[in-house]
Amino acid sequence: MPRTYKISVLPGDGIGRDVIPQAVRVLDSVQNRIGGFQTELHEFECGGEYYLREGKEWSTEAEDFTKKEADAILLGAVGANNASGKSVRRPDGHLAGYSVVIGLRIGLELYANVRPVDLMEGVWSPIKDKTSKDINLTIVRENTEGLYAPRRDDQKKDDSSEIVIDRRVITRKGSERVARYAYELAKKSSGAPSDGKRRVTCVDKSNLLAGCQLFRASFDKVGIDFPEVEKDYAYVDAWTQWVIRKPEHYNIVVAPNEFGDIITDLGAAIQGGLGVAPAGSIGDQHGVFEPVHGSAPKYAGKNVANPMAAILAMGMMLEWLGSSHGDKGMKIAADMVKKAVVLVLKEGKIRTRDLCVGEWSAIQPSSTQDVTSTIIDKMKSIEIGG
Ligand code: IPM
Ligand code: MG
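These figures come from a predicted structure and were not determined experimentally. (Residues numbered from 1 in each chain as written. Chains lettered and ligands numbered in written order. Predicted model: local features only at pLDDT ≥ 70, side-chain atom pairs only at ≥ 80, totals over all residues. Heavy atoms only, no water.)

A. How the structure looks around the site of ligand 1. Near ligand 1 you find Ile102, Arg105, Arg115, Arg141, Tyr148 and Asp261, and these make up its full shell. In the environment of ligand 1, an oxygen atom lies 2.7 Å from a nitrogen or oxygen atom belonging to the side chain of Arg105. A distance of 2.8 Å separates an oxygen atom of ligand 1 from a polar side-chain atom of Arg115. Coverage of ligand 1 by the protein chains reaches 70% of its 320 Å² of free accessible surface. The residue inventory of the shell around ligand 1, partitioned by class, reads 2 nonpolar, no polar and 4 charged. (Near = heavy atom within 4 Å. Polar contact = N/O pair within 3.5 Å; in protein donor to acceptor, adjacent residues only side chain to side chain. Areas by Shrake-Rupley, 256 points an atom, 1.4 Å probe, with all protein chains shown as cover. Nonpolar A, V, L, I, M, F, W, Y, C, P; charged D, E, K, R; others polar.)

This is how it looks when you write it as C-alpha cells:
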C-alpha cells in the first residue's frame, strides 16, 4: 500500500488563492506519474478575507487539523484590505492572518526558514553579468525568535504612543538549532558556485548587538561538529553589498529572524524576483511551505500571478516529506517538479509578466494557468528518476 500523506492546504488571501490551486495541479500530476505515494489534501480558508467575514483568522477545524494531523502544510499568502483600502488587522494590531504565518512558525517550532536563492537559466537578474552559474545560495533564516518573539507584556501601543519598544529575543537554544540546520544543509550541498567549497556564512550585527554576539557564539560552537564546512562571517549591512558584488561566494547563509526577513527579499530580487522564490519553514516535526511573496491583492483573481514560487515551494514540501520519511518516490517527485520548472524557464517562451524583462522583455506574457499547464506537460517528458 502506498503511504498517504495528509496535507493542510491554506491558500489564504489574494494571489495565494491563484497560485496554490496551481501547485495542487502539479502535485496531482506528479503523484499520478510517479505512483508509490498518495496525498490527501485538506483545504481550509484562512487569513484577512476570512477574518472580515467570520471575525477570526481560521476555523477551529482548520487550526486543529493543521497543527495536529497534517504531515505537511502548503500555504499561499495572507493579508487583505478592507473596503477603505486599509490592511485588515486584529484588535491587537497584528495583521489578520498573523496566527497562520507567524503563529505556526513559532507555535510549531519551525525554527529554520529555508529560502533558496537560485538564479535559474532563462531568468533575468538585476545584477549585471551574473548568470545561473553565479547565484545559487540558500538563506536559512531563524524563524521563531528575534524581533518576532511574542511580546511578553501588555505594552499598549496606539497612534499617540511616544515610545514603543520592540523586544528582540535571542536564545542559545534557538541559535544553536538553526546553526546546526545550516551546517547540515551545507554538508549535503554541492558548495559555493565560486570554488565548490561547502561554507556557511553567519550574517549578523555582532559588532554592536549582544543578541547577535550570542547568535555568532552559538554558530561557532555548533560549527565544531562540522569540521568539513568552512565558517564565514559578515555583518548584515556589509553582506547586502557583498552579495551583490560576489554572490558566487555564498553557499549557505544563516541569519537571525528579522535580518533574514530583509535579506531574503534581496535574495529573491537577485534570483529574478518574488515570482520564483520559494520557502520552507521547517522544524523537527512539522513543515510549512509557501512562496516568499505576499498576497498582492491588486493582482488577485486576474490569472497573472507567477505560480512558480508556489510550485517550487510544493516541490520543497515533497523533498522534505521524502527525506523525513525515507520515501524515495517523494524525492523523485520533488526532483521532477524542480526540473520541469527549470526546463520551462530555460526554453523561455512561456512565462508570466514578471519574468518578461531584460532579454525576455519582448515575450508575450502567459497566464498563471498556462504556465502551470506547460510545467505539467514538461514533466511528461522527464524520465522518472532521470
Ligand atoms: C515573510 C513575510 C512575513 C515575515 C510577513 C508576511 C509577516 O515578510 O515571510 O518574509 O515578516 O516574516
Ligand atoms: Mg519577508
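B. Here's a closer look at the pattern of salt bridges. Counted under the stated rule, the structure contains 28 salt bridges. Put simply, Lys187 and Glu228 hold a salt bridge, and the shortest N to O gap is 3.9 Å. Taken together, the residues span a long stretch of sequence, with Lys187 in helix 5 (residues 172-188) and Glu228 in the loop between helix 6 (210-223) and strand 7 (230-235) at a distance of 41 residues. With relative accessibility at 43%, the residue Glu228 sits in the partly exposed group. (Salt bridge = Lys/Arg side-chain N within 4 Å of Asp/Glu carboxyl O. Helix = DSSP H or I, 4+ residues; strand = E, 2+ residues; numbered from the N terminus. Buried < 20%, exposed > 50% of the residue type's maximum accessible area, 1.4 Å probe, protein only.)

C. Focus on helix 5. For helix 5, with 17 residues, the first-to-last C-alpha span of 24 Å sits near the 24 Å given by 1.5 Å per residue. What helix 5 keeps buried is the set Gly174, Ser175, Glu176, Arg177, Val178, Ala179, Tyr181, Ala182, Tyr183, Leu185 and Ala186. (Expected span 1.5 Å × (residues − 1).)

D. Focus on the environment of Lys339. On the secondary structure map, Lys339 appears in helix 10 (residues 328-347). According to the relative accessible area criterion, Lys339 is partly exposed, its value standing at 32%. With 43 residues separating them along the chain, Lys339 and Ile382 place their C-alpha atoms 8.0 Å apart.

E. View of helix 9 (residues 308-324). Taking 1.5 Å per residue as the helical rise, helix 9 with its 17 residues ought to reach 24 Å, and the 24 Å between its terminal C-alpha atoms agrees with that figure. Burial analysis of helix 9 places 14 of its 17 residues in the buried class, the great majority of the element. Phi for Gly326, located one or two positions after helix 9, is positive at around 55°.

F. Region of the structure containing the sheet that holds strand 2 (residues 37-43). A sheet is described by the order of its strands in space; here 10 strands give the open sequence 2-1-3-10-9-4-5-8-6-7, paired in mixed fashion. The outermost strands of the open sheet, each flanked by one partner alone, are strand 2 and strand 7. Across the sheet, the mean angle from the axis of one strand to that of its neighbour is 25°, orientation sign disregarded. Strand direction decides the pairing type here: strand 3 (residues 72-77) and strand 10 (residues 287-291), joined by 2 bridges, are parallel. From the neighbouring strand, Ile73 faces strand 10, where its bridge partner is Val288. Strand contacts of helix 4 (residues 98-107): strand 1 (3-12), strand 3, strand 4 (112-118), strand 5 (136-142), strand 9 (278-282) and strand 10, with the helix running at about 145° to strand 3, the strand carrying the most contacts. (Pairing = 2+ DSSP bridges. Axes fitted to C-alpha atoms, helices over the stretch in contact; angles between N-to-C directions. Contact = heavy atoms within 4.5 Å.)

G. Structural detail: the side chain of Thr201. Among the structural elements, Thr201 can be located in strand 6 (residues 199-204). Looking at Thr201, its side chain comes within polar contact range of the side chain of Asp232, at 2.7 Å. With sequence-adjacent residues up to four places away left out, Thr201 is seen in contact with Asp232, Tyr233, Ala234, Trp239, Tyr250, Ile252, Val253 and Val254.

H. Molecular detail of the domain arrangement of the protein. Taken domain by domain, the protein comprises domain 1 (1-113 + 275-386) and domain 2 (126-270). Each of domain 1 and domain 2 was reduced to a C-alpha centroid, and the two centroids are 24 Å apart. Listed as interface residues are 14 residues of domain 1 and, on the opposing side, 16 residues of domain 2. Roughly 1,300 Å² is buried in total at the junction of domain 1 and domain 2, and carbon and sulfur atoms are behind 54% of that figure. Applying the counting criterion to the domain 1 and domain 2 interface returns 2 salt bridges. Across the salt bridge formed by Glu109 and Lys173, the nearest N and O atoms sit 3.9 Å from each other. Across the domain 1-domain 2 interface, the total number found is 6 residue pairs in polar contact (both at pLDDT 80 or more). (Domains from an automatic or database assignment. Buried area = accessible area lost by both parts, 1.4 Å probe.)

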